[in-house]
Structures are given as C-alpha cells and as structure tokens.
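Secondary and tertiary structure notes
What follows is the residue order along each chain.
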Amino acid sequence: MRLLVRFIGFLFATGAILAIVAAAGVGFFVYKYSRELPDYEQLSNYEPPIMTRLHANDGRLIAEYAKERRLFLPIQAVPKRTINAFLSAEDKSFYEHGGLDFAGIARAALSNFQNAGRRPQGASTITQQVAKNFLLTNKQDYERKFKEALLSLRIEQTYSKDRILELYLNEIYFGLGAYGVAAAALVYFDKSVNELDLAECAYLAALPKAPNNYHPFRYPERAIERRNWVIDRMVENGAATREEGDAAKKEPLDVKPRSTGTQLAASEYFNEEVRRALYERYGEKGLYEGGLSVRTTLDPKLQALARTTLSSGLVSFDEQRGWRGAERQIDPRGDWGTALAEIPAYGDILPWRLAVVLDNGANEASIGLQPHRDKGGALPRERETGTLPIEGVRWAKWAKGPERGRAVKSVSQIVKAGDVVYVEPLKEGSSEYRLRQIPEISGGLVAMDPFTGRVLALAGGFSYDESQFNRATQALRQPGSSFKPFIYAAALDNGYTPSSVVLDAAIEIDQGPGIGVWRPENYGKKFYGPQTLRFGIEKSRNVMTVRLAQDMGMPLISEYAKRFGVMDDLPPFLSMALGAGETSVLRMTAAYAMFANGGKRITPTTIDRIQDRTGKTIYRHDDRQCVGCTATAWAHQDEPKLIDAREQVLDPMTAYQITSMMEGVVLRGTATGVKAVGRPIAGKTGTTNDYKDAWFVGFSPDLVVGVYLGYDKPRSMGDGETGGAVAAPVFTDFMKVALADKPPTPFRVPPGIKLIRINPSTGMRASGGKVILEAFKPGTAPPDSYSIIGQAGGRSDRPQSVTPEADRAVRSGTGGLY
C-alpha cells in the first residue's frame, strides 16, 4: 500500500514538474513571440485600397479604376444570408469562440500527424484569417501559426465580432481580380450583395479557400461541388431550409464576369481624359486606391451620338477614297475559325466584325465570321457564316493599282478567298453583310455647355482600341479660318462695327529680310473690293482678315487669342491671323462657348464633383458662392443668391454681334448646309493649306460643338475638302439629333443692342432692296458713307468698283489659309 502511495506521489510530482516545464515553455514562447508581434491596433485605422468609380451626369457607372477591385461595405449593409454563407463555409462557431477553435485545432493536429509530409492542414478561424491577411505572411510553418493564435486572442479582446467580420469580408480575395464581398458580387454576377440569391451567396463563400481551384470556367464541376457543400452546411446550421438548399443546388453556376475599366460603350476617350485629370490631381495612389466617387459631366445620350456621328463622317469620307484592300490573308480551307479567332479585332466598333472570304463569285461572296470565345476563353465548335452581296461592295472601287477608280461590277473585283475583312450586317439580324474598312482619316468632336464649360460629350477618334491618341484634346492642329472670329471680335471691341468696310484686294506684305514678300489670297483666288466685316466673316475672306489684323496690330490679336484660351503665345506675325497657329478642338470649343454665353470666361471640365471614400466632397467645379444658402429655416430673409465672379472676357454686346455675324455664315456663307439643323445656329468653318485640316465650330444658344477632321500625319485630304464640306456635315448630323426635342430658341439679345435694317452689300442704312437686321452698340450706327479700311486715301463717298487689280487672281505667295 505504501509503495502504491509512493508511486502515485511520484507520478503526481512528475506530472507537476512536467506541467511546470510545459507552462514555462509556453510562457517562454508567448513572451518571445509577443515581442515580435506586429501592432494589431492598426486595424482600427483600416483603409483598404478601394477602386475609383466614374459616373455620368445621370448617375450611370461609366468606368472603374483600381489595382485591387474592391468596394468597402460596412457590416450593417451585408445581408444576413451572405454572412451565414461565409460563417457556414469558414467558421460556424465564430460568434462563440474567443479567437481559437480548439476542437478544430485538435482535428487538424491529428490529421497532420496521420498525413506527415503533406501540406499541413489548418483550422483557422475567421479571426485567425484576419490576423494572417492583415498582419502576417502566408508562410506555412508552426511559428507563424503560433503568432497567428496570439494575435487572434488579442484581436478578440480589442474588437467586436462584427468589426472582425467586417474586416474579413472586405479584405479577402475572391479571384477574377475581386477583393471583398461587394466587389465579388459585381465581378461574378454583376449584382449588388443585396441581390444575391442563396446559390450565389454560397458560391462566393466557397471561393476564399482557393479561388483558382474553384474557377467558374476552368473547373466548373469542382466549383459547383464546393458551392453545394457550402449550401449543405448552411442547411445543417439552420441558415436555409432543406427545400431552399435542394432548389439552390439545382441552379447552374451562372457567372457573368464584369469587364474592368470602361462600363459605358463609346465613352473611352472621355474616361481617359477624366483619368488623366484625376492622376494629375491625386497621384497614382489616390486614383487607383483612394476610392474616389467622381460625378463627371458626360451625357450618355450625347456621348453615343458624338461617337456615331463622328464615326459615320470618318467612314463616309474614307469610303469616297475607295477600297485599300484586306486587313490580311489566311487559309480559308479547313477550320478557318481558329486562325480567324487569333487575329485581334477592335472591340469598340460593333456591329462591325472580322470575317474571312471563303469563296467568291460575280454577285456574292461567302464569308466566315470571327467566332466569339465563351466566358472561359474557349472557342465554340460551331462556325457562323454569311454572304457579301454585290450591294455590300458597290462603294469599294479600288483606291490604287490597275483597278483604281473603276466601277465595281463583280464581288470578285474587290475580294478573294482568304481575305480577312471587316463587315457589318446590311440589316439587324441579317445574314447579308456590307464590306467595311477602318478609315485612315481621323478627327475629334467636343460638345459643351457654353454657360458652365461642362464637356457633355467627347469623341477622340474612330476607335479607342485602334489608337488611344485623343484628337479632341491632344492633337494640336491649325484651325484655319475658324480662328477668324477672334480677330473680328477684337475689331468689334475696338471701335469697328459689323458694317465697317474693309478692302478686299491684292496686298503684298514685306515680312522682313530673308523671309520675303507674302501675298495672301482668298480661297476662290478672287477679290471682291470693299466689303463689310459681316461679309468678310460669312464668306471667310482671307485678305480682308489680314487687312483688319494689320490695321489693329498683331499684338492685340495675340492678346485676344490668349484671353480666349485658344493659344497661349501666338507669334505676332500677320500669317497667324489666318489660323496658322496650333490649338485643340477642346480649346476652340471652349473659346466659342464664350461667344455663346455673352463673353463670360469658362474653364472646360469633364468633372462636376469628386467625393472621397467617406462621401465627403473634396472638389466641385462650380465654384460660385451662394449667399444665404446655409440658412436652416426661413426668417423673412432674402432668397439665396449665386454670385458669379467669373471674368468678363468679352463685352456681351460684342459677343452678340459676332454671334449674329456667325449666324450669317450658316444662313448665307460657307456653311449653308448647317441650315438643315432647323434651329438658330452660329458657327465658322476652317480649312488649312492644301486641305490638310477641316474644322467647323458652332453653337446654338445652349450647346456648343467643335468638329475637326484630318490625318494624324498631316497630308492633303483632297482638293475641295473644306471645313464646310467635311466637318460641317458631322456637326449638322450631331445637332439635328441633339436638338430634336428642344424648341427653336433665338440667340439672346443683350440690353443696349440696337437692331437696324441695313443693306448687306454696302453696310449703310437700307433704303429698299435686300435688307438684313444688323446689331449695333449704343453710340454706333450704320455709316452714311464709306470709310474703307485698307484703301489709300482713307474715305470714299460711294462704293468703290472693283479694280482690275482686285479682279486679278494672285497666283504667287504662300497661299494663305481658308
């Protein structure tokens, strides 16, 4: 008995010693690793990288920018069903344990002992995953697991369960570039978290364990199996009924991946302009991680219209030049679809598609259409075919070679088997197609609110996939005669009237030693004698403009160009008066907007407002002060007032005068085709030397639009391809639709302007015959006799007949700009 007692005592003592040693060992490791633990209190300041989102002026999402596609979602906004799905999949006892699941740890230890040499199995709780994801590495060893356990216990003591779950649901990676449950719902199902059904919640909850292993397209069976496992756990835990679970497991894995970047077709150039502005203002980190919410100025309907009208104008011009040939050639025999699918196609020019000519004949050709890859990137086995009838190639006379310019009588004249070409359905749903080609010419279009400078639409080329160069904002080209209104505005601001007379006759200008004599000439190479300022701008007379600039002095012209933001430093040479400097479509459109709004300075903008990740407004374009807007109740005070402190760059009466003169450009001048809009329109054409650039910038009382067409590497577009012939039709097509649902509104006449009936030929008061209403400022009136700018001897009491010199074409010199 005594031996038994001694033995029990020995065992007790041995056990006590071992316990003390174990406790000391644990205490040592706790002490050692506690000193090496990261600061878990940083979790209280958690600000994850969140994607920046751009919205149109109607709130529609148009683009997203991020390195990690994440949207932060407070735990209060996460539906209960979604929470239950993740708890069932990852940690069903999350709300019961203190950070560690000891039963799970025991099971994992036993499994690792039985499967020694394999990857260790974990038993991580959600709290442990938060500790690992935020504070530790992914290294698989026992030292990391020990630190993870210590951190989990401390995190549980510091933060609430809801806060820990909030950190977890917003941080974890789901695959397909999605971080956090809110972004995953959008990326996988194009839904908000609140819209997810049971099967979708279960699939998202299945992903964090191994997103690549449960990829919806590479491993669909494995993904469905894991999803159904989560559904079963939810049923076991009471988060769903058996009937709901069975129904959810029968649903297909209907994943609809959401594209990154642009979310609104046709807005790519606009979006990139906003992205550059945000990058300059907030830097790379602010743009891609700051979670900015940007309300842009874009009008989706006008943007789609801008893209359509510009593209149609470019295609129409290009097709008139003829067919240049196939994109490339492939073997049309066998499985042509695989080879065709490997050829990159522009994805932003739908409904155009790439096709290969399989065989051809006189009246039609058989074509095979580029197959669409499925969501997983695989090619379908089926091949789609169609026909290219003679009607679809009739336009395509050859632009070069022995067939150049010859009328198309057979499809085989244009295409042959193996040719890879772009085609477009003749009608929606039709199997007959029209031959297309990517236009060589390019251009830009900007539509703007003239009172605020808000860019409502912006098209920078035919295809953003083809070229990211933005011709509306980045291309610097000569504006030609579209620059003339600024010279005439300077004249009207400095004592001239619309009926002032300028001599349109040959002039020679000595440009100094080594440069020689410049002899500007008009577009028609004729001269028309004494003419009014209105006639000069309506008919775009170069020589009259040069004489006017010479009379005022080029330093004044340079100052006006800078004042309107057209050019920052215009050289004071007379040739610059004809638009030989360089500017952009955006700058020209903004400058014309100041004519339309009565001379107020505007700053063009693509951004209305920016909010940070917390919803605080950190930028607003409208910087007008509102007096009385902070009142919380009415106490018989005056109504709030908006204080517009913008600079007046042009006298409102001058702005109306130049607007009225440019309205004449449309009614009687170089842009009479624009009358088809059927609304009051003012504007000006512009064409540069050798027809390299074509412009039309114009406006209604409430909308200003600038259009430019030309080749990226400047070259002639062809004889007679003027702004009125090339750019004005694009403007017209745009304005017809943009103003279709708006009533005709005349241009606003500012107080003080007098409208007097004059003879448009002489500029003097009308006494019968042809009459127009001309705008005069107070203290000015039509002249009683001529005073001709540019004629030796100054005044003349009667209209001067055109001299032989004025009639003679000047055939030497630089040619000027038209």
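The shown structure was predicted, so the numbers you read here are calculated from the model rather than taken from an experiment.

Structural notes on the pattern of salt bridges
Applying the stated rule across the entire model yields 47 salt bridges. In this structure, Asp608 and Arg454 form a salt bridge, with 2.8 Å as the shortest nitrogen-oxygen distance. With Asp608 in strand β19 (residues 607-611) and Arg454 in the loop between β13 (442-448) and β14 (455-459), this residue pair connects regions lying 154 residues apart in the sequence. Assessed through its relative accessible area of 18%, Asp608 is described here as buried. Residue Asp741 pairs with Lys742 through a salt bridge whose shortest N-O separation is 3.6 Å.

What to know about the sheet that holds strand β3 (residues 69-70)
Judged by pairing direction, the sheet is mixed, and its three strands sit side by side in the order β3-β5-β4 without closing on themselves. Either end of the sheet is taken by a strand with one partner, and the two such strands are β3 and β4 (173-175). As judged from the two bridges shared by β3 and strand β5 (residues 178-179), these two strands associate in the parallel manner. Across the sheet, the residue bridging to Arg69 is Ala178, located in β5.

Comments concerning helix α8 (residues 198-206)
Here α8 lies mainly inside the structure; nine of its nine residues are buried. The set of residues buried in α8 consists of Leu198, Ala199, Glu200, Cys201, Ala202, Tyr203, Leu204, Ala205 and Ala206. Here α8 starts with a cap whose side-chain oxygen sits 3.2 Å from the backbone nitrogen of Ala199, and that cap is Asp197.

Quick look at unusual backbone geometry
Following Leu350, the chain continues into Pro351 via a peptide bond in cis, with omega recorded as 10°. Within the fold, Pro351 resides in the loop between α13 (336-341) and β8 (353-360). Although it is not a glycine, Tyr691 adopts a positive phi angle of roughly 60°. Within the fold, Tyr691 resides in the loop between β23 (682-687) and β24 (693-700).

Brief notes about the packing of aromatic side chains
In the structure shown here, the tally under the stated rule is 25 aromatic pairs. Relative to Tyr422, the ring of Trp352 has its centre 6.3 Å away and its plane inclined at 45°; by these criteria the two rings are tilted. With a gap of 70 residues between them, Trp352 in the loop between α13 and β8 and Tyr422 in strand β11 (residues 419-425) connect regions that are remote in the sequence. Taken together, the ring pairs in this structure connect Phe483, Phe486, Tyr560, Phe564, Tyr592 and Phe595 into an aromatic cluster. Lying across the ring of Phe317, Arg321 places its NZ or CZ 3.8 Å from the centre.

Calculation notes
Residues numbered from 1 in each chain as written. Predicted model: local features only at pLDDT ≥ 70, side-chain atom pairs only at ≥ 80, totals over all residues. Heavy atoms only, no water. Salt bridge = Lys/Arg side-chain N within 4 Å of Asp/Glu carboxyl O. Helix = DSSP H or I, 4+ residues; strand = E, 2+ residues; numbered from the N terminus. Buried < 20%, exposed > 50% of the residue type's maximum accessible area, 1.4 Å probe, protein only. Pairing = 2+ DSSP bridges. Polar contact = N/O pair within 3.5 Å; in protein donor to acceptor, adjacent residues only side chain to side chain. Phe/Tyr/Trp six-rings, centres within 6.5 Å; stacked < 30°, edge-to-face > 60°. Lys NZ or Arg CZ within 6 Å of the ring centre and 35° of its normal.

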